[in-house]
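One-letter residues, chain by chain:
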Amino acid sequence: MSTVAAPSDIRNTASALRRLYFVRAAFAILWALVMFASADEISPVVAALLVLYPLFDVGAAVVDARASRATRSPALLYVNMAVSLAAAAGVGVAAASGIPAVLRVWGAWAVVAGLVQLVVAVPRRRMGGQWPMILSGGISVLAGASFVGSAGADDPALTGAIGYAVPGGIFFLVSALRLGRSGGQARARSAASS
């Protein structure tokens, strides 16, 4: 038996995702600014920031799963929660070993999280605002692979993590704006058909 989400369920999910995406955009940009100011070496503050980013992703996935229940199974979001939680712990441990270890863990997380983001966003296309999420997921996979590769460089740096957060924040912002626009169009269509 297949179920089709009601238009009101889709609108409610889109509205919740829009708010979540605005928060995620603001967090990513703020995180990048703070990291940029202090990412020359792994200090306790930088280590805490590196752990905080995937932990924030866990929280965002929880909110997303709750918002998405009416329109789709949140099973992949649970996978994302587990992967991001493991990444936070892994980055915390890797921070004691240095930048190359952090880049390897961060890169592996970016690859898996990007794949999950792709698989979650593709079926949400009808909701609107998901093309930026699809692009972001694909870029995350590529960026993650580059982090792993750059870990073996002569002078590896954490600047890639900053570069990962900024476009991610921009993609979340664009997606939030597009969800708002598509939500307004859906309300207009619903009112016109009434």
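Remember, predicted model here, so these are calculated numbers, not experimental data.

A.B. asks: Kindly report on the overall build of the protein chain, identifying the contributing residues and their values.
C.D. replies: For the protein chain, the helix and strand inventory stands at six helices and zero strands. Helices (α) and strands (β) of the protein chain occur, in sequence order from the N terminus, as α-α-α-α-α-α. Sorting the 194 residues of the protein chain into buried and exposed places 45% on the buried side. Sequence separation of at least 24 residues holds for 76% of the intrachain contacts in the protein chain that already meet a minimum separation of 6.

A.B. asks: Summarise the nonpolar core; cite the residues concerned and give the values.
C.D. replies: One recurring pattern in soluble globular proteins is that nonpolar side chains are buried together. In terms of nonpolar packing, the biggest core is built from 31 residues, with Trp31, Met35, Leu50, Tyr53, Trp106, Leu158 and Tyr164 touching the most fellow members. Contributions of two or more residues to this core are made by helix 1 (7–38), helix 2 (44–68), helix 3 (75–94), helix 4 (99–121), helix 5 (131–150) and helix 6 (159–193). Sorting elements by how many residues they give to this core places helix 4 first, with eight residues. Each residue touching Met35, except ones within four places of it in the same chain, is listed here: Val46, Leu49, Leu50 and Ile162. With 15 residues, the next largest nonpolar core counts Leu17, Met133, Phe172 and Leu179 among its residues.

A.B. asks: Summarise the packing of aromatic side chains; cite the residues concerned and give the values.
C.D. replies: A full pass over the atoms with the stated rule returns twelve aromatic pairs. An angle of 40° between the planes, with centres 5.7 Å apart, marks the rings of Phe27 and Tyr53 as tilted. Residue Phe27 is located in helix 1, and its partner Tyr53 is located in helix 2; the two are separated by 26 residues in the primary sequence. Accessibility classification places Phe27 together with Tyr53 in one group, the buried group. Taking 6.2 Å as the distance between ring centres and 80° as the angle between the ring planes, the aromatic pair formed by Trp106 and Tyr164 counts as edge-to-face. With Trp106 in helix 4 and Tyr164 in helix 6, the pair connects residues that are 58 residues apart, well separated along the chain. In this pair, the class of Trp106 matches that of Tyr164, namely buried.

A.B. asks: Lay out the packing of helix 4 against helix 5 with the relevant residues and their values.
C.D. replies: The angle between the axes and the distance between the axes are what describe a pair of packed helices. Axis separation between helix 4 and helix 5 bottoms out at 7 Å; the angle between their running directions is 160°. In terms of their interaxial angle, helix 4 and helix 5 are classed as roughly antiparallel. For helix 4 against helix 5, the interelement crossing comes out left-handed. From helix 4, Leu103, Arg104, Trp106, Gly107, Ala108, Ala110, Val111, Gly114, Leu115, Gln117, Leu118 and Ala121 reach across to helix 5, where they touch Met133, Ile134, Ser136, Gly137, Gly138, Ser140, Val141, Gly144, Ala145, Phe147, Val148 and Ser150.

A.B. asks: Just give me the short version of a nonpolar patch on the surface, but keep the residues and values in it.
C.D. replies: Together, Ile29, Leu33, Val166, Ile170 and Val174 make up an exposed nonpolar region whose accessible area comes to about 380 Å². Taken together, the elements giving at least two residues each to the nonpolar patch come down to helix 1 and helix 6. With three residues, the single largest contributor to the nonpolar patch is helix 6. Along the polypeptide, Ile29 turns up in helix 1. Ile29 sits in the partly exposed class, given a relative accessible area of 34%.

A.B. asks: Please give an account of the packing of helix 3 against helix 4 that cites residues and values.
C.D. replies: One can describe the packing of helix 3 onto helix 4 by two numbers: an axis separation of 9 Å at closest approach and a directional angle of 170°. It follows from the interaxial angle that helix 3 and helix 4 lie roughly antiparallel. Where helix 3 approaches helix 4, its residues Leu76, Leu77, Val79, Asn80, Val83, Ser84, Ala87, Gly90, Val91 and Ala94 are matched on the opposing element by Ala101, Val102, Val105, Trp106, Trp109, Val112, Ala113, Val116, Val119 and Val120. Classifying every residue of the contact of helix 3 with helix 4 by side-chain character gives 17 nonpolar, three polar and no charged.

The rules we used
Starting afresh in each chain, residues are numbered from 1 along the sequence in its written order. It should be noted that, the model being predicted, local features are given only for residues of pLDDT at least 70 and side-chain atom pairs only at 80 or more, the latter also being counted only at that level, while totals for whole chains, interfaces and linings use all residues. Values reported for side chains reflect all heavy atoms of the structure, with hydrogen atoms and water molecules removed beforehand. Labels follow the DSSP assignment, with helices taken as runs of H or I lasting at least four residues and strands as runs of E lasting at least two, numbered in each case from the N terminus. Summary of the burial criterion: residues with accessible area below 20% of their type's maximum are buried, those above 50% are exposed, and those between are partly exposed, where the area comes from a 1.4 Å probe applied to protein chains only. In this analysis, two residues are considered to be in contact whenever any of their non-hydrogen atoms come within 4.5 Å of each other. Nonpolar cores were defined as sets of buried Ala, Val, Leu, Ile, Met, Phe, Trp, Tyr and Cys residues, with membership established by side-chain atoms within 4.5 Å. Only Phe, Tyr and Trp rings take part, Trp by its six-membered ring, and two of them pair if their centres are within 6.5 Å. Stacked means planes under 30 degrees apart, edge-to-face means over 60, and tilted covers everything else. Structural elements are reduced to axes, namely lines fitted to C-alpha atoms, with helices fitted over the stretch in contact, and the angle between N-to-C directions of any two is expressed from 0 to 180 degrees. For classification purposes, angles smaller than 35 degrees are called roughly parallel, those larger than 145 roughly antiparallel, those between 65 and 115 roughly perpendicular, and all remaining angles oblique. What makes a crossing left-handed is the near helix being turned counterclockwise from the far one by less than a right angle; a clockwise turn instead makes it right-handed. In this scheme, patches are assembled from residues that exceed 30% relative accessible area and form no salt bridge. Like charges are connected within 9 Å, while nonpolar side chains (Val, Leu, Ile, Met, Phe, Trp, Tyr) are connected within 5 Å. What sets the accessible areas is the Shrake-Rupley method with a 1.4 Å probe; for residues, cover comes only from the shown protein chains. For salt bridges, the criterion is a side-chain nitrogen of Lys or Arg within 4 Å of an Asp or Glu carboxyl oxygen. Residues are grouped as follows: Ala, Val, Leu, Ile, Met, Phe, Trp, Tyr, Cys and Pro are nonpolar; Asp, Glu, Lys and Arg are charged; every other residue, Gly included, is polar.

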